[in-house]
Amino acid sequence: MLGIIEIFLFLCVVYYLFGKRTGDMVDVMSTRLQEVYGSWTYNGFGWGDGGQRVEERPTFDFLRRFGEQQRRKRAQERETDRRTRENYLYEIKESTMQMPTTAQNLPQGLACRSCAPGSEIQLDPHERRRDVIDVLRTTQHANQGPNRSNYDWGTWFPILAQCLRVRKYHFPEVSPIVLEDERVKSAIDQAAIQSVREERQAAEAQGKAFSDTETYTEMLERHNKRARKVMMDMRSKLSNVLLQITSWLIYKILPCFLTGAVAHPAQIEMLKAASRRSPDTPLIFLPLHRSHLDYVLVTFMLLNNDLRVPVIAAGQNLRIPFFGWALRGLGAFYIKRKIDPVTGQKDIVYRAILHSYLQHCLTAGHNAEFFIEGGRTRTGKPCIPKGGILSVVVEAFMEKALPDVLLVPVSVNYERLVDGNFVAEHLGQRKPPETFMSAISAIWKAVKSNYGLMRIDFNEPFSLRELVDAFKRNQERELPSKAEPGDRLLQQTKSSTSLYGTDIVQEDNRALVDSIARHVVYDCASATTVMSTNAVTFLLLTRYRCGVTLSVLTQALDDLREDLHGMKDMGFTGESRAIIEYVINLLGTQLITTDTSSGEMFLKPVNTVPAMLELSYYANTLMPFYVLESVITTAIYALLPPTEMVDDSMSLLEEDVLALCHKFCDILRYEFILNKPCQDLDTLLHETLFKMRDRDLISIPKKNYTEAELDAQRVHRTLLLNNDLDDDDEELYHFAQTDENVVVIDKNQRHQHINSIAILAPIARTYLTVVDYLHRLLGNAQLEVEFVKGALSEIRQQFDNQECEFGESVSVEMIKNCLKLLEKWSVVQVECAGGVRLLSLTHHYSSSAGIEEVYQRIQTFNCVHRFNFSSN
């Protein structure tokens, strides 16, 4: 007994000398000693258990073993209790999931069954029902390994154990093989011959002697040296050691500024199942690009789940001191943003090296990752895809170099963007170049801030072979004579400065590459999780731009969550009121102001251009989900006469509404991807109409008609198209107006349409301003950069004068998209000279009347005047 008292006194002295942390340990040990003491009794002869005589006092080792037994017993009891509760929860979930579900409640991120029916991966139902996990606070290797014991050091250092015990792969170096590739050698030879021709022309112009053989040998050596330098600058050098070190750093640093990095275990299991099913087939990860953290977190996620990390296409702007070396060790291979340095001259050597390097990486067993949008999105919406690197993968497959690859669309979303906003770039300023000091400054700023939650979603991998087969089948079924605006794939202007749209990609495969790219981006956007900031800012910018009370916004958020339930994954849970307060604190008063009126909080988005641009970035995540509904609503109000706005109800022919919808979809071709290539836009519009009817946004009455009435409707349409309808056809007109496909707008429904109108209104404002600014091109041409700057200044002035309600309309991105549309419509033409782009009007539109024709075409799309935003 005296020995126990001595130990206790010694621990008290240690606590006094070494402070609180050691004191916590003393408290634990004191508790253990008291438990042991309480289980012993004094029987007159000594200390014993239950009266049993004990000749000697218990030793310290005995007490330690006794305490460990008690600790293990309590741990087993906690584990048993946890398993019991889990089994009970699973029973509840299983009983609920046995109920029949609709197609809308299917898990998000599954492969397209029409294009890739064989890509379906069967998972345990328990996997799909599991909750998302925070990967920054989850380890799976802490108590694993060949030397695991009951007292494994991984229990005490779980993060270090996780990083050291991840699966290590062999990453073959392919750069020597690339330089020996026939494609590269042929390109070097062609470049040398071209250089000889240029040297001969220069020598002949100066009257100098010239030797083809000597010059060819010299040029061949020069291009060989350049090829080796290009390859050394480009190549990736994946390192297992650097991956482990970086993983440990991420575990330590990211929790300083991120609340969590969340992923769904079932999606990871899909990737593992795909890898097991086709172990020799490379995975191509295609994320939407929002932040520089995207590729780091994708690699981190794969590494810590024992999946092979990919080589990653990165821009040369990231080759900065230290960070460039580190990214190379994490899988980055560096490529130029602009492949051809001289306009009009193709860098065939660089193209061949890039093509061969990626192809050899895939055939050697590497996985790959590249951002199909090119750069980071500046608007928050998915960008129109760029098919450069994807075209290399498709070409390798078409040439039988790869039997198949699995494409994995990836969606990454943040509650608050780590890279900051893109307001300066929206306002016409150039993006500052990345430097070592700017990277250090950005990291330091991030560590001191709070950026909320980050969510990453991996879609179900699907086979490129199946996509190609589906595309060929669709081509065989399509008839050019039946093509309608929006039905077929919207072709883009091919870039001459990338691999896409050049001699590297065969003409027959360009439409295929474009189709696959659009399919991937559409899938990524559909599976993107809605974060709390996305939902709240969406409501503020569409319905409550002029402010709202907290109670009203709470009810609106409840309605929005119910509307999205089963169709979009929600990246937040809890009471809507608490979520709104959290978003206000996260985004700050520079974006959302709060005030107290009549004892209730009143919220209002800050009505300045920078604030509106940043808020729109978060709100735009939800815009693609509602864009077709917005197109239909806009078409309905464009067809309604102004005098009918006060009537109780108004009927419109569905055929007229859909025809106008196609025109609006044509206007939005560079703003949104409205449908996958395997989908029919008419079908999607009809489905959206029925969804709007189910939500009581519109009414579509049902009625049975006689054969005579149906004939009258058909004749009426024919006469209407031919402009042959006169006043004598009153009976025919009466029958025609009872058309089965009628859309009815009730007066009480119109207040609900402001959401849809407000989605497209900022785009309409910008496009109208750009078209009106075309008058500056009458009789002369102008540099594109100067035109954009002038149009931007015009929109900014309209906002300052309160002629434009939308601060997010002041955007270079939308101005450039409008110019692409006008070029597609052959309104403007672009000439490249000396590395600059020159804008001018085409012959048909080189007059005020021609510009007015285009203006009226887009004015139909502008229905903002039907609603008074200042009163909402």
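Quick note: structure is the one above.
Now for a look at the structure at hand.

Another aspect to go through is the pairing of strand 14 (residues 600-605). Direction of pairing for strand 12 (residues 548-549) relative to strand 14: antiparallel, over a ladder of 2 bridges. The residue of strand 14 that forms the bridge with Val548 is Leu603. As paired strands, strand 13 (residues 592-597) and strand 14 are joined by 6 bridges and run antiparallel to one another. Among the inter-strand pairings, Ile592 is bridged to a residue of strand 14, identified as Pro605. Between strand 13 and the antiparallel strand that follows it, strand 14, lie 2 residues; Ser598 among them carries a positive phi value of about 55°.

The next subject is the packing of helix 8 (residues 212-234) against helix 13 (residues 348-363). Taken N-terminus to C-terminus, the directions of helix 8 and helix 13 make an angle of 45°; their axes are 10 Å apart at the nearest point. Judged on the interaxial angle alone, helix 13 and helix 8 are oblique. Two packed elements cross with a definite hand, and for helix 8 against helix 13 that hand is right-handed. Facing helix 8, whose interface residues are Arg226, Ala227, Val230, Met231 and Met234, helix 13 presents Val349, Tyr350, Ile353, Leu354 and Tyr357. Within the contact of helix 8 with helix 13, the residues separate by chemical class into 9 nonpolar, no polar and 1 charged.

What follows concerns the environment of Thr537. Position of Thr537 among the secondary structure elements: in helix 19 (residues 532-542). Given a relative accessible area of 0%, Thr537 falls into the buried group. A polar contact is formed between the side chain of Thr537 and the backbone oxygen of Thr533, at a distance of 2.5 Å. Within the structure, the side chain of Thr537 is placed 3.3 Å from the backbone oxygen of Asn534, a separation counted as a polar contact.

What follows covers the packing of aromatic side chains. Taken as a whole, this structure holds 14 aromatic pairs when the rule is applied. Relative to Tyr626, the ring of Phe538 has its centre 5.4 Å away and its plane inclined at 15°; by these criteria the two rings are stacked. Here Phe538 is found in helix 19, whereas its partner Tyr626 is found in helix 23 (residues 623-639), with 88 residues between them in sequence. Side by side, Phe538 and Tyr626 carry an identical accessibility label, which is buried. Here the aromatic rings of Phe625 and Tyr626 are separated by 5.1 Å at their centres, their planes lie at 90°, and the arrangement is edge-to-face. With relative accessibility at 30%, the residue Phe625 sits in the partly exposed group. These aromatic residues form a ring-pair network of at least three members: Phe322, Phe323, Trp325 and Phe436. For the cation-ring pair, Lys381 lies above Phe672, with the distance from its terminal atom to the ring centre recorded as 4.7 Å. Across from the ring centre of Trp825, 3.6 Å away, lies the NZ or CZ of Arg857, which sits over that ring.

To continue, consider the pattern of salt bridges. Taken as a whole, this structure holds 27 salt bridges when the rule is applied. Here Arg222 makes a salt bridge to Glu218, at a shortest N to O gap of 3.5 Å. Pair noted here: Arg222 and Glu218 are both in helix 8, with a separation of 4 residues, about one helical turn. Taking relative accessible area as the criterion, Arg222 reaches 46% and is therefore assigned partly exposed. The partner of Lys676 in a salt bridge is Asp523, with the nearest N and O atoms 4.0 Å apart. One end of the pair, Lys676, is in the loop between helix 24 (654-667) and helix 25 (681-694); the other, Asp523, is in helix 18 (residues 507-527), with 153 residues separating them in the sequence. On the basis of relative accessibility, which here comes to 10%, the residue Asp523 falls in the buried class. Each of Arg226, Lys336 and Asp347 takes part in salt bridges that share partners, so that together they form one network.

It is generally the case that most residues other than glycine have a negative phi and that most peptide bonds are trans. The phi dihedral of Asp306 falls on the positive side, at around 60°, and the residue is not glycine. Note on placement: Asp306 falls in the loop between helix 11 (293-303) and strand 6 (310-315). For Lys400, which is not glycine, the phi dihedral falls at a positive 70°. Its place among the elements puts Lys400 in the loop between helix 14 (388-398) and strand 9 (406-414).

With their axes 11 Å apart at the nearest point, helix 24 and helix 25 run at an angle of 120° to one another. Of the possible angle classes, the one that applies to helix 24 and helix 25 is oblique. As for how helix 24 packs across helix 25, the hand of that crossing is right-handed. Contacts between helix 24 and helix 25 involve Glu654, Leu658, Cys661, His662 and Cys665 on the former and, on the latter, Leu681, Asp682, Leu685, His686 and Leu689. Of the residues that constitute the contact of helix 24 with helix 25, the class distribution is 6 nonpolar, 2 polar and 2 charged.

The rules behind each value
Residues numbered from 1 in each chain as written. Predicted model: local features only at pLDDT ≥ 70, side-chain atom pairs only at ≥ 80, totals over all residues. Heavy atoms only, no water. Pairing = 2+ DSSP bridges. Helix = DSSP H or I, 4+ residues; strand = E, 2+ residues; numbered from the N terminus. Axes fitted to C-alpha atoms, helices over the stretch in contact; angles between N-to-C directions. Parallel < 35°, antiparallel > 145°, perpendicular 65-115°, else oblique. Left-handed = near helix turned anticlockwise from the far one by under 90°. Contact = heavy atoms within 4.5 Å. Nonpolar A, V, L, I, M, F, W, Y, C, P; charged D, E, K, R; others polar. Buried < 20%, exposed > 50% of the residue type's maximum accessible area, 1.4 Å probe, protein only. Polar contact = N/O pair within 3.5 Å; in protein donor to acceptor, adjacent residues only side chain to side chain. Phe/Tyr/Trp six-rings, centres within 6.5 Å; stacked < 30°, edge-to-face > 60°. Lys NZ or Arg CZ within 6 Å of the ring centre and 35° of its normal. Salt bridge = Lys/Arg side-chain N within 4 Å of Asp/Glu carboxyl O.

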